Each structure stands twice: as structure tokens, then as C-alpha cells.
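Here is what each chain is made of, one letter per residue.
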Amino acid sequence: MEGLEVTVLLGLTILAGALLAPRIRLALPLLLVIFGLALGFIPALREVQLPPETVLLLFLPVILFWESLTTSLRSIRRDFRYILPMSTVLVVASAFAVAGVGVLFGMPWEIALILGAAVAPPDATAVAALGRLLPRRMFMKLKAESLTNDGTALVLYAIAVSLAVGGQVTPLSITGMVVMSYVGGVAAGVVIAGLGYALLRRVSSTMVINVTLLLIPFSAFLLAEIVHASGVLAVVVAGLVVAYVSPRVTTASSRRQTDAVWPFGVFLLNGALFVLIGLEVQYVAHEISAAAIGRLVLVTLAVWVTLLAVRFLFQLFSVPFQRSAEPRPPWRRRMRGMTVSTVAGMRGAVSLAIALSVPTSLTDGGGLAGRDEVVFVTAGVILLSLLVQGPLLPAFVRWARIPVDHAADEEYELAERAISGAALAALDDLAAEHGIGQEVRDRVRAEGYLMLELANAKSLAREQAIVDAEARALDDLLDEPDPLGGAVQTDQDSGGGVGLTAPTDAADGVTLQMLATSTDVDLLQRSPLVRHEEHSTLKLALLDRKREVLLGLRRSGTVDDLIVRRISARLDLEQVRLQGIEEFD
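Scoring rules and cut-offs
- Residues numbered from 1 in each chain as written.
- Predicted model: local features only at pLDDT ≥ 70, side-chain atom pairs only at ≥ 80, totals over all residues.
- Heavy atoms only, no water.
- UniProt positions renumbered as here; feature names shortened; annotations may be inferred.
- Helix = DSSP H or I, 4+ residues; strand = E, 2+ residues; numbered from the N terminus.
- Buried < 20%, exposed > 50% of the residue type's maximum accessible area, 1.4 Å probe, protein only.
- Contact = heavy atoms within 4.5 Å.
- Areas by Shrake-Rupley, 256 points an atom, 1.4 Å probe, with all protein chains shown as cover.
- Patch = residues over 30% accessible without salt bridge, like charges linked within 9 Å, V, L, I, M, F, W, Y side chains within 5 Å.
- Salt bridge = Lys/Arg side-chain N within 4 Å of Asp/Glu carboxyl O.
- Phe/Tyr/Trp six-rings, centres within 6.5 Å; stacked < 30°, edge-to-face > 60°.
- Lys NZ or Arg CZ within 6 Å of the ring centre and 35° of its normal.
- pLDDT = per-residue confidence, 0-100.
- 1 Å grid on protein atoms, 1.4 Å probe; cavity = no way out; pocket = protein on both sides within 12 Å on 5 of 7 lines; lining within 4 Å.
- Points joined across faces, edges and corners; volume = space filled by probe spheres on them.
- Nonpolar A, V, L, I, M, F, W, Y, C, P; charged D, E, K, R; others polar.
- Domains from an automatic or database assignment.
- Core = buried A, V, L, I, M, F, W, Y, C linked by side-chain atoms within 4.5 Å.
- Axes fitted to C-alpha atoms, helices over the stretch in contact; angles between N-to-C directions.
- Parallel < 35°, antiparallel > 145°, perpendicular 65-115°, else oblique.
- Left-handed = near helix turned anticlockwise from the far one by under 90°.
- Polar contact = N/O pair within 3.5 Å; in protein donor to acceptor, adjacent residues only side chain to side chain.

Under an unreviewed UniProt entry, the name given to the protein chain is Sodium, potassium, lithium and rubidium/H(+) antiporter, and the source organism is Microbacterium oxydans. Turning to the protein chain, the UniProt annotation filed under Function (unreviewed entry) states: "Na(+)/H(+) antiporter that extrudes sodium in exchange for external protons." Taken from UniProt, the Subcellular location (unreviewed entry) comment for the protein chain reads in full: "Cell membrane".

Below you can see the structure in the form of C-alpha cells.
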């Protein structure tokens, strides 16, 4: 098929999946894989190949860069003792365990190790697409693990291929490859991110900023490949650095454009990737002889079960080595959490790209025996993880009964109150600095008090909702009627939020008193245009003050990076509204 036909077909398949998935209550990635499998029954479509360089050089840089931008740096620092062994030692253990299974089923040792390297790492794209229903902290740990484990898998793959083609591998060469992969990948990511930072500090055009951001992941991957390091790790490191420095070197309008365009692009790439995985499974299934299909299906099932078992056992035996300042939950709850984490470790694009990268021809003209088997088993493991683990994950999360974590809501409310209070405290100084009249000061002060009042009311409403939910759960447990008879009014009943009415009236009274006692209001001499300009100037100055306080909360670790990003998006939207569409363009 021609490239345009394939593009239109992929677009229509993604559109159909997006329309149908909510109706049948099935996760979109799972439905797209099923669509890919169905399309693979058409011989012409089955011939649509997924070149490994397409995944590694086009799909992954964009997807991994966006996932890095939306990853919590504080979570990585806090759970580093968990993430490091899971992204290194567990990958090695999984690869060798799978290699042992392959040898038991008659595979040559070198080919079995290639298979182990391919299926060892859980995939960041699959985790991001299917793991968002996990508890927040568990999701961030799994996401960080998936972003950093590909470097280990690619080193193992290079070692296995060298053994398969008769190369000499020594402990010294293995150490050099590991060091170069990690150190070189981190260095490449830091260098490209540093160059991007230096450029972004000197430009203010929305288009130039976003073109620079688009080039950063591809440049990082390219530089890492040139020095034979991990391109995946370089993209991840560059994304984490850019996520930290971008609030200071980008503009509100560029960030609004980024937040609109990148998720859409990543959605399309992810959708196309899952459809192509389904097609690839059909292709390799038709390439394998019918006599070998049965044996390879058994190998696939054995490898899949082995990966689940190794992941669970590794978590179980590494618990004593993971120190934590926080009190450990009861043993039964930890076991359930490990089970959920095991089910959530799904394979995806990187595994398929590694399998497809196995050489089809060697220097002597022959092919690498066992390549088709590696691709078949890898594709089968991906399919099992997406179509079995994916649908079962919600049930395991409910079974685990992991306590609801309200830390994100509390941090959001804390940050909102902190930045609103800081803005009000700095209002008079900023107004004097910009020559703002008293009428505009009073107006902005009244708006600030109302926003602070609303933030406090939302916090009280959320706390009251938690208390009410716990009371209802206790009543259900004791099988006793509610003695209040449902008299506690929730925010849905009141139509505005618990405790909003009285504080809002009080705030209105304070506002009216401010306006009534203000002696500097001069409606005759100060035109509406002047007052509007002063209002916009003061509001923009207050937004800058709020951002300073917000970034200070992030530096101190009081507020998580994702909370900062969420609040910053709201501040950016307000700034774009104040500056007008002309400034935005």
C-alpha cells in the first residue's frame, strides 16, 4: 500500500476507536490493538511493516519527551531507591530468566538472550496509556521506571547480538558498554537541554520556542547515537531538565500552544503505534510455519508468566533494602500493592522495536537463525500484556483496596492559598511601582480576596466531603441508619460548595466597605481605557508574583511538579486573556 493510503487508514482506525471506546467501556489502546489484529486478516494490510527505526527515531523521541515533561521530579527523587534497581537489576534478572525459558524450549542461548533483552523492560507508552487509573504515587514510580529501563535493555541486546554473530565479549567490554550507555546518554541529554536553555533565554516568539522544544528530543537522541550511548535515556534526561527550567525561559502563549499541540500529537502517535502492533502480530504469525506455531505459543505463554513471576519476586525480596522515612503499610497491603505493580508492568513499543532490530542478514550473507521466533514471541508477549493485563488492571486495583491519597488535593489547595495570599500582600507595592490608581487597587484587591475566599471554601468542602464519606462508610459497615438523617448538606445539594454562602457574604461586605470608604476614586478624570490598562498591568504583575511564589514552593519540595504545572496552566490562560489575542499570536 502507498504511504498516503496507510496514513488515511491509520487515521480512520484511530477515529473509529476514539468514537467506539467510550461506548463499549474499553480502553482505547486495547481497542486499537484489536482493530490492528482484525485489519491484519487482509493480506494487503498485513504487508504494512513497522520498521524499527520508525519506532526508535520517530515515535519514541516525541512520546518519551512528552512523558518526561509530565513526570514528577520530586517523585523520582523520593522513590529513587525503588526506581534504580527496578530499571537496572530487574531488567537484567528478567532477561536472563526469559533466556533460561527459551533454552528449555530449544532456543540457542544467544537467541534466547536477545529475546530476554527485548521483553525485559516495561514500556513507558503502554504504562502512560493504561496505567493512569493506578494510585498516583504508584503510577509515577512505574512511569519513571519505564522511562529509564530501556537503556539497560538495549545494552543487553547489543551484548546478545555480539554473541550471536560470533563477536568477542569480555567483562571489560560489557562494563564499558554499560557505562557508555548510561553516562553518555545522561551527558547527551544534559548537553542538548543546556543548548536549548541557552537559546530559549534569548527568544520570545511562540513559534521559535516551540520549534526549539520539538528539536530537543530528536537532537538528544541523535547525539547519543553518535557517541554510541542510550538515545532513549538522553531524551528522558533532556525532557526532565526542560520540564524544570521551562517556566523561566518560555512564555505563557508558548506554553499554552505546547499544552494544546503536544498531547494531540502524542495521542495520534500512540494510536498509530497500537494499530501497527496489531498488524505486526498478524504478519509474524503468517510468516511462521504452522508446525512451529504451537511450540512458539507455548514459549510465549511461558515467557509472559515468567516475566510476571520475576517482577513480583524481585519486589518481594527487595523490600528490606528500600529504606523509607515514612511508616510502612501492613504486610498484606504491601503484597497487594506488589501484585498491582506486577500486573501494571506491560510491554509495548520498545520491546517490538528491539525484536525487529535483530539483523536479517550477516556479513557472510546468511541470516540470523531464530529472528522470526524472537519477533513472534515478543509480539505475543506484547499482545498478552495489553489484552490480558490491561483489562484486568482495574479489577486488581479495586481488589488491592489501596487507600485514597489526598496529598495532591491538599498540595493544590495549599499552593492556591499561598500564591493568592502572597499576591495580596504585594499588591500595594506593585501598584505603587506601576503607578496604579486607588480605584483599580481596590478592585483587584476585592478580586483577590474573593479568590482566596473561594480557595478556602473549596478546601473546607473537600475536607467535609471526606468526613461525610467516612461517616457513610462507617454507617454501612455497622448497618446502622445515619442519625443525622442526611441533613449534612454536600456541595451538590447546595449548588455551590459547603460553607460558601456565609464567607461569600462576608467577603462582599468587606468589598463594599472598601469601595465605599475609598477616597481616591476619580471616575471623571480617569477614562475607562486608562482604568482598563491599569487593571491589566496590575493583574499581570500579580501573576508574575504568583509564579515566583509557586516556583519557590516547587524548589522547597512543598508542592509537586505536576501541581505546579497544573496551576501554571491556569495562570498562563489568565495572562493570555489579559494580553489579548494579538499578543498571543
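Now that the structure has been shown, we can carry on.
Further remarks concern the overall build of the protein chain. Check the secondary structure of the protein chain and you find 25 helices and zero strands. Expressed as a percentage of its 585 residues, the buried residues of the protein chain come to 49%. Sequence separation of 24 or more characterises 81% of the internal contacts of the protein chain that already satisfy a separation of 6 or more. For the protein chain, the exposed surface amounts to about 27900 Å²; the carbon and sulfur share of it is 64%.

Right, let's get into a nonpolar patch on the surface. A cluster of nonpolar side chains, namely L4, V8, L12, L15 and L19, defines an oily patch on the protein surface of about 520 Å² accessible area. Relative to the helices and strands, L4 is located in helix α1 (residues 3-24).

Attention shifts here to the environment of D409. One can find D409 in helix α20 (residues 407-434). Expressed as a C-alpha distance, the spacing of D409 and I563, which sit 154 residues apart in the sequence, is 8.9 Å.

This next bit is on the packing of aromatic side chains. Taken as a whole and judged by the stated rule, the model has four aromatic pairs. Ring geometry for F396 versus W399: centroids 6.2 Å apart, planes at 85 degrees, classification edge-to-face. Of this pair, F396 and W399 are both found in helix α19 (residues 371-400), three residues apart, which corresponds to roughly one turn of the helix. We classify F396 as partly exposed; its relative accessible area is 26%. Owing to a relative accessible area of 39%, W399 belongs among the partly exposed residues under this scheme. Here K141 stacks its cationic end above the ring of Y82, 4.2 Å away from the centre of that ring.

Per-residue confidence for the protein chain gives a mean pLDDT of 81, with 85% of residues at or over 70. Confidence drops under a pLDDT of 50 for residues 482-525, and excluding neighbours within four residues, the segment shows 32 contacts in the predicted structure.

So, on to empty space enclosed by the protein. Evaluation of the coordinates by the stated rule reveals one cavity of 30 Å³ or more. In this model, the largest cavity occupies a volume close to 380 Å³. What lines the largest cavity is a set of 25 residues, and nearest its centre among them are A243, S246, P247, R255 and R565. At the level of secondary structure, the elements contributing two or more residues to the lining of the largest cavity comprise α14 (231-249), α15 (252-287), α24 (528-555) and α25 (561-584). Looking at the lining of the largest cavity element by element, the count peaks at seven residues for α25. Classifying every residue of the lining of the largest cavity by side-chain character gives twelve nonpolar, six polar and seven charged. Three or more residues apiece are contributed to the lining of the largest cavity by two domains, here domain 1 (3-17 + 31-173 + 273-320 + 333-397) and domain 2 (404-474 + 528-584).

Judged by nonpolar contacts, the single largest core of 125 residues is most densely connected at I114, L115, L134, V303, V377, L386 and L393. Considering every element that reaches this core, the biggest residue donor is α15, with 13 residues. Excluding anything up to four places from it in sequence, L386 contacts L30, V33, A126, L130, F274, R347 and P391. Within the second largest apolar cluster, 16 residues are counted, among which are A408, I419, A422 and L551.

Right, let's talk about the pattern of salt bridges for a bit. Here the structure, examined in full by the defined rule, presents 19 salt bridges. Where D572 meets R547, a salt bridge forms, and the shortest distance between an N and an O atom there is 2.8 Å. Here the residue D572 occupies a position in helix α25, and R547 occupies one in helix α24, the gap between them amounting to 25 residues. No difference in accessibility class separates D572 from R547, as the two residues are buried. Through salt bridges with shared partners, a single ionic network connects R74, R136, E411 and D560.

Take the packing of α1 against helix α2 (residues 28-39) next. Taken N-terminus to C-terminus, the directions of α1 and α2 make an angle of 125 degrees; their axes are 9 Å apart at the nearest point. Regarding the angle of α1 to α2, the classification is oblique. The two elements α1 and α2 cross, and the hand of that crossing is right-handed. Counted together, T13, I14, A16, G17, A18, L20, A21 and I24 of α1 and L28, L31, L32, F35 and L39 of α2 form the full contact between these two elements. A class-by-class count of the residues in the contact of α1 with α2 yields eleven nonpolar, two polar and no charged.

Even without a glycine there, the phi angle at R25 is positive, about 55 degrees. With a relative accessible area of 80%, R25 lands in the exposed category.

This next bit is on helix α18 (residues 349-356). Among the eight residues that make up α18, eight are buried, leaving the element largely enclosed by the rest of the structure. Among the residues making up α18, those that are buried are A349, V350, S351, L352, A353, I354, A355 and L356.

This paragraph deals with the side chain of S351. Take S351: it is sitting in helix α18. Relative accessible area serves as the criterion here: at 1%, S351 is assigned to the buried category. One polar contact links the side chain of S351 to the main-chain carbonyl oxygen of A118, over a distance of 2.7 Å. Those residues within four positions of S351 in sequence are excluded, and the remaining contacts are A118, V119, P121, T378 and I382.

Since its relative accessible area comes to 13%, R547 is described here as buried. A polar atom in the side chain of R547 sits 2.7 Å from the side chain of Q575. Apart from the residues lying within four places of it in its own chain, the contact partners of R547 are A252, R255, L571, D572 and Q575.

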